[in-house]
Each structure stands twice: as C-alpha cells, then as structure tokens.
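Examination of the molecular architecture
For reference, the chains in residue letters:
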Amino acid sequence: MNDHEKYMRRCFQLAMNGLGNAAPNPMVGCVIVHQDKIIGEGFHCRYGEAHAEVNAVNSVKDKNLLRESTVYVSLEPCSHYGKTPPCAELLIKYQVERVIISNLDPNPLVSGKGIEKLKSSGIEVISGLLEHEGIEINKRFFTYFNKKRPYVILKWAQTLDGFMDVDRSQPGNNLNYWITNEKLKILVHKWRSEEAAIMVGTKTAINDNPQLNVRLWHGKQPLRIVLDENLELPDNLHLFDQSVPTLIFTSKNSINKHNITYKQINFCNNPIQQILDFLYESQVNSLIVEGGKELLLSFINNGLWDEARILTGNKTFEKGLKAPEISGDIIYNHKIENDSICIMKNSIVS
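A brief look at the structure comes next. (Residues numbered from 1 in each chain as written. Predicted model: local features only at pLDDT ≥ 70, side-chain atom pairs only at ≥ 80, totals over all residues. Heavy atoms only, no water.)

1. Some points on the packing of aromatic side chains
- Counted according to the given criterion, the structure contains six aromatic pairs.
- The interplanar angle of 45° and the centroid separation of 5.2 Å between the aromatic rings of Tyr7 and Tyr72 together place this pair among those described as tilted. With a gap of 65 residues between them, Tyr7 in helix 1 (residues 3-15) and Tyr72 in strand 3 (residues 70-75) connect regions that are remote in the sequence.
- Using a relative accessible area of 5% as the deciding quantity, one classes Tyr7 as buried.
- Given the relative accessible area of 4%, Tyr72 is considered buried.
- The interplanar angle of 65° and the centroid separation of 5.0 Å between the aromatic rings of Phe141 and Phe145 together place this pair among those described as edge-to-face. In this pair, Phe141 and Phe145 both sit in helix 6 (residues 139-147), four residues apart, roughly one turn of the helix. Each member of the pair Phe141 and Phe145 is classed as buried. (Phe/Tyr/Trp six-rings, centres within 6.5 Å; stacked < 30°, edge-to-face > 60°. Helix = DSSP H or I, 4+ residues; strand = E, 2+ residues; numbered from the N terminus. Buried < 20%, exposed > 50% of the residue type's maximum accessible area, 1.4 Å probe, protein only.)

This is how it looks when you write it as structure tokens:
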C-alpha cells in the first residue's frame, strides 16, 4: 500500500463516523498532509452541519502550511451552495497544493464541477484513487442518484430448518418466537440506526406488533413504514404510538395525524416500485425491509434489492412459514455464539 492509498483509507475510516447521521448527504472523510505528516482531519458528522473539508481545514493549527499541503478527500468537494457553502471554494481560498479524490460526486449539481473549479484555480487534482472502495462506503448515496431509489436491504431471521415463523394456524401460536440470540438482536438495532427507513408488511405488523425503532443501541430512529392496503391494522399497534415518524402506504383516503402520514398508492400496479419512487422523491436513501415473507418476495422477484442480511438461529420449528429463497454473492459469513449471519449482495441489481 503506497502513501496515497494509506491516506485515502484513513479518509474512508473517518467517513464511516457519519454513518446514520450524514444521510441524505454522503459520508465523507478528509485528511490534510504536509511533508508526509497529517496536519488535519475531518469528516461530515451530521446532515446540515459542516462538511469534511471544512472540519479538516479548521483542525489545522498553522493555516500557512495549507499552500504546501495535499488534501485527500473521499468524495469530490461540493461546488454549490446548499446547507453549507461550497467546499471547493474553501480549498481555493487557502490555495492548497493538491487535491486527491476517490470518487466523483454522482449528484448532478456537483458532478465534475468541483474538480473543474479546483483545476481552474491552479490546484492539481487527481481522482479515482481506490474508486471501488469509495463507492462501497457510499453505496446508499450512489444507489440513490444512479438508480433513482433507496439502497434496499432485506433482513430476516430463520431457523436451522429454514423457517422464519411458526405455524400460526395452530392454537397457541400467536405469540412472538425469537429465533436468534440477544447479541444479534442488539446488532439488528444497530443496523436500524444506520438506515433512513425500515419497513414491514401488514401480516408482520399484526402478528408481531413490532416497534421498529432503535431501543438497544444509541442512534437515529429510522422512518417506520408499513403497508396497510385496506386500513385494517388496529390502532393499538406499536406502529401507531406516534413516538416515531411513521409512513403508511394504503389504497384508501386517510387523514394524517401527529407523526403518522398516509400515502395512497395503487396496489394493483407494481406497488413496490411506487413505494420506492415515493421514497426517492422524499430523499430517503436507504431502506431495511424486515418482513414478512410476502413483502420480501416482492422485492426479490422484482430484483429491487441490493443486500440481504440473513440471520440463522440455532433452533428448529419443524413446520411453519418457510423463509424466502434468495441467491446472490456472499460477502460476509460470521458466527455469534450459536447463531450465524450471512450477508449477500445482489449480483444483478435493478
């Protein structure tokens, strides 16, 4: 690994500190190097706050060194006025010697324009360093702009014999049956804190009465989403407690309440695409789909998923609701106590 890669990987490390808080902005890290020594670092902490380059420049004690410094940044510096002033202009103000970038910004407001500004001001610019790794870090951001939809994560738990639920038709089988251990439950709450929205179908809402919030981890609460085509869900479900912003997709007209929004769609005309289109328009750039099986299969069969996280518990149900079948590229396999996690990527993403 050469020095350029070393400093860019440090940018990636810093960028990941913004996971769950920077969205819908990208996660960005910045490192400033003078004579092979890091003199400044920063990352984009939270949406609406200072960008990585601003935080990195502000951390440099002797600003006179910037004229002889190389700035490493994981994403092209912005060139437009948004929530904050353009970062490209800040680097131009201090006339840094060189800027090395991993990825061009896919946002058409920025794409290429930040680099153009820097070059026209006499700053040397190198781009494309560790490009694929940079895209992976900002997979939500790139999916949002390139595919015009949120990054979709499918998640479910299943038993060793491949069931995701007990046979609900049997007397007494109307309770929640935890499949995985407490450590995996905590991990799932961490995952929730990292994404913009979380979604379940009607049957899951009725059978499990989930809260779909972050309770076992510290972090931002995702937007809760549930399908309720005919407005049949009872008002006493946790999803209607108004504690967290909740979005209900339905075919009926309904009046919004505090923290509860109803969105009418046509369930006879590709409802999944309508949902993703609405979330895109609402700047929701990532979505966890936690069930049930019918909803998960809708995403799988339409090819509208990017990642699947399958938790397998060390128990059997012998009969019940079979887990979905899915195929993709396995990128992670790990065991936690007696349970396991498998994460796969969709090799053919729509």
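2. What about the layout of surface pockets?
- Considered as a void within the structure, the largest pocket measures approximately 1,300 Å³ in volume.
- Lining the largest pocket we find 50 residues, and of these Thr204, Asp208, Glu290, Gly291 and Gly292 sit closest to its centre.
- Of the residues that constitute the lining of the largest pocket, the class distribution is 20 nonpolar, 15 polar and 15 charged.
- By volume, the second largest pocket is sized at about 480 Å³.
- Within the residue set of the lining of the second largest pocket, elements represented by two or more residues are helix 2 (52-59) and helix 6.
- Take the lining of the second largest pocket: its biggest share by element is three residues, from helix 6. (1 Å grid on protein atoms, 1.4 Å probe; cavity = no way out; pocket = protein on both sides within 12 Å on 5 of 7 lines; lining within 4 Å. Points joined across faces, edges and corners; volume = space filled by probe spheres on them. Nonpolar A, V, L, I, M, F, W, Y, C, P; charged D, E, K, R; others polar.)

3. Section: the sheet that holds strand 11 (residues 260-264)
- Read across the open sheet, the nine strands follow the order 11-10-9-8-12-6-13-16-15; overall the sheet is mixed. Across the chains shown, the open sheet's two edge strands, defined by having one partner strand only, are strand 11 and strand 15 (329-336). Averaged over neighbouring strand pairs, the angle between their axes works out to 20° when direction is ignored.
- Sheet analysis places strand 6 (residues 151-158) next to strand 12 (residues 286-289), joined by four bridges and oriented parallel. What sits directly across from Val152, in strand 12, is Leu287.
- Lying over the sheet, helix 7 (residues 182-194) contacts strand 6, strand 8 (197-200), strand 12, strand 13 (307-312), strand 15 and strand 16 (339-345), oriented at roughly 30° with respect to strand 16.
- In the packing of helix 10 (residues 293-301) onto the sheet, the strands contacted are strand 6, strand 8, strand 9 (223-227) and strand 12, and the crossing angle to strand 6 comes to about 135°. (Pairing = 2+ DSSP bridges. Axes fitted to C-alpha atoms, helices over the stretch in contact; angles between N-to-C directions. Contact = heavy atoms within 4.5 Å.)

4. A look at the environment of Gly40
- By the element assignment, Gly40 lies in strand 2 (residues 37-43).
- Assessed through its relative accessible area of 4%, Gly40 is described here as buried.
- For the pair Gly40 and Val71, spaced 31 residues apart in the sequence, the C-alpha separation amounts to 9.1 Å.
- Excluding residues that lie within four positions of it along the chain, Gly40 makes contacts with Cys30, Val31, Ile32, Ala56, Ser59 and Val60.

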